[in-house]
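Summary of structural features
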Amino acid sequence: MDLNRVQIFAQVVEQGSFTGAAKALGLTKTTVSRKVAELEKATGVQLLFRTTRALRLTEAGAEYYNKITKILVDLENAEAQLSANQQRVKGNLRVVCPIEMGQLFLGPVFARFLEAYPDITIEAELTNRKVDMVEEGIDILFHLCGIEDSRLQHYQLVKTSTTLMASPEYLKRHGTPQTPDDLWHHKGIEQGGIQLINDGCWKIFDGKEWQVITPEVQLKVNNITLAREAAIAGLGITCLPPMIADEALQKGELVAVLEDFPMEHNTLLLSYPKWAYLPRKYIIFIDFIYQALFGYWGNMLLEIPEYVKRPEGFE
């Protein structure tokens, strides 16, 4: 069955002419007339009496029209319902992210997202542990190190810079390092965990080559905020991203050291299980996250899925 022919025939009846149907459907009068003729030929029944003044349904045509009208209405309703269901996305999302990212960034984003999509629920876990997304049924993972898993789709979001910092009191007692080699004589606050590329060490460029410094430590943590607070208390030097340390720097609680010697950057990634057809709740959530990231990082974003809407003027 050619549904187009059926729909065109119905429009001819409702508009009372081939010309009216053609205008309503955005087709030529010739196309409309030809499609109705093809329908009559396919069914073997004359559906319309054609005169120079008007069109009139045959008895068979009237019976056929009455039957197809209900079918076409049902099809329109089904399409409208499907479209409405697509807009009214439902389901649960399990999201895992680094503790600090969840605390500082994702809370307000989640709130706005859930207000916009009231039929979606989110289970968020803030952790620095290693996760198996597929085995644990996790939908979205934000993480700071690469995961070699062919079952997952990855997108690099942004390079995260870090700087070595210490309290003024610590530097007064132990001196301020002038070169990367000086770090061997200082105490460090070690940040361990699967989310860090250089677990327990600092990788810093001395102007000629990258050096890997493993400082003396008394405290090892898996939380950047805790490392910051210990550094403020004068325990030692630690490596912090700007978003974690800005307030402490402005208050003079921390001082950046060796700023002329770059540290190795981490990369923040977004991952999700590969699907033959990506669930709509994934597309909507990821697009929402990216819109927030555009406002925060702009052109610093590294990889953008093709289904994400880019802001006007974004390259």
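Residues numbered from 1 in each chain as written. Predicted model: local features only at pLDDT ≥ 70, side-chain atom pairs only at ≥ 80, totals over all residues. Heavy atoms only, no water.

Quick notes on the overall build of the protein
Scanning the protein from N- to C-terminus turns up 10 helices and 14 strands. Taking the principal axes of its C-alpha atoms as reference, the protein extends roughly 105 × 35 × 35 Å. Counting all 315 residues of the protein, 41% fall into the buried class. Intrachain contacts of the protein at a sequence separation of at least 6 include 70% that bridge at least 24 residues. For the protein, the computed accessible surface area is about 17800 Å², with 51% contributed by carbon and sulfur atoms. (Helix = DSSP H or I, 4+ residues; strand = E, 2+ residues; numbered from the N terminus. Buried < 20%, exposed > 50% of the residue type's maximum accessible area, 1.4 Å probe, protein only. Contact = heavy atoms within 4.5 Å. Areas by Shrake-Rupley, 256 points an atom, 1.4 Å probe, with all protein chains shown as cover.)

A look at the sheet that holds strand β5 (residues 140-143)
Taken in spatial order, the 5 strands make up an open sheet running β4-β3-β5-β14-β6, and their pairing is mixed. Edge positions in the sheet fall to β4 (120-126) and β6 (152-160), since each has one partner strand and no second. The mean angle between the axes of side-by-side strands here comes to 15°, regardless of whether they run parallel or antiparallel. Pairing analysis gives 7 bridges linking strand β3 (residues 91-97) to β4, with the strands arranged parallel. Residue Leu93 lies in a different strand from β4, and its bridge partner there is Ile122. (Pairing = 2+ DSSP bridges. Axes fitted to C-alpha atoms, helices over the stretch in contact; angles between N-to-C directions.)

Some remarks on the packing of aromatic side chains
Inspection of the entire model under this criterion finds 10 aromatic pairs. Pairing Phe113 with Phe288 gives two aromatic rings, centres 5.3 Å apart and planes at 75°, and the pair type is edge-to-face. Highlighted residues: Phe113 in helix α5 (residues 99-116) and Phe288 in helix α10 (residues 280-297), separated in sequence by 175 residues. Taken together, Phe110, Phe113, Tyr117, Phe285 and Phe288 form an aromatic cluster joined through their ring pairs. (Phe/Tyr/Trp six-rings, centres within 6.5 Å; stacked < 30°, edge-to-face > 60°.)

Some remarks on α10
Taking 1.5 Å of rise per residue, 18 residues should cover 26 Å, and α10 covers 25 Å from first to last C-alpha, within 8% of that figure. When we look at burial in α10, the residues that qualify are Lys281, Tyr282, Ile284, Phe285, Ile286, Asp287, Ile289, Tyr290, Ala292, Leu293, Phe294 and Trp297. Of the residues trailing α10, Gly298 is marked for its positive phi of about 55°. (Expected span 1.5 Å × (residues − 1).)

Notes on the confidence of the model for the protein
Model confidence for the protein is summarised by a mean pLDDT of 86, while 93% of its residues fall at 70 or above. Least confident of the elements in the protein is helix α4 (residues 59-87), whose mean pLDDT is 77; most confident is helix α7 (residues 168-174), at 95. In this model, residues 194-198 is a region of pLDDT below 50 whose contacts with residues beyond four sequence positions or in other chains number 20 contacts. (pLDDT = per-residue confidence, 0-100.)

Thoughts on the sheet that holds strand β7 (residues 163-166)
Pairing is antiparallel in the open sheet, where 3 strands are placed in the order β12-β7-β13. The open sheet has two edge strands, β12 (238-240) and β13 (255-257), and neither has a second partner. Each strand axis lies, on average, 50° off the axis of its neighbour in the sheet, ignoring direction. In the sheet, β7 pairs with β13 via 3 bridges, with the strands oriented antiparallel. Paired with Leu164 across the bridge in β13 is Val257. Contacting β7, β12 and β13, helix α9 (residues 242-251) crosses the sheet at an angle of about 110° to β12.

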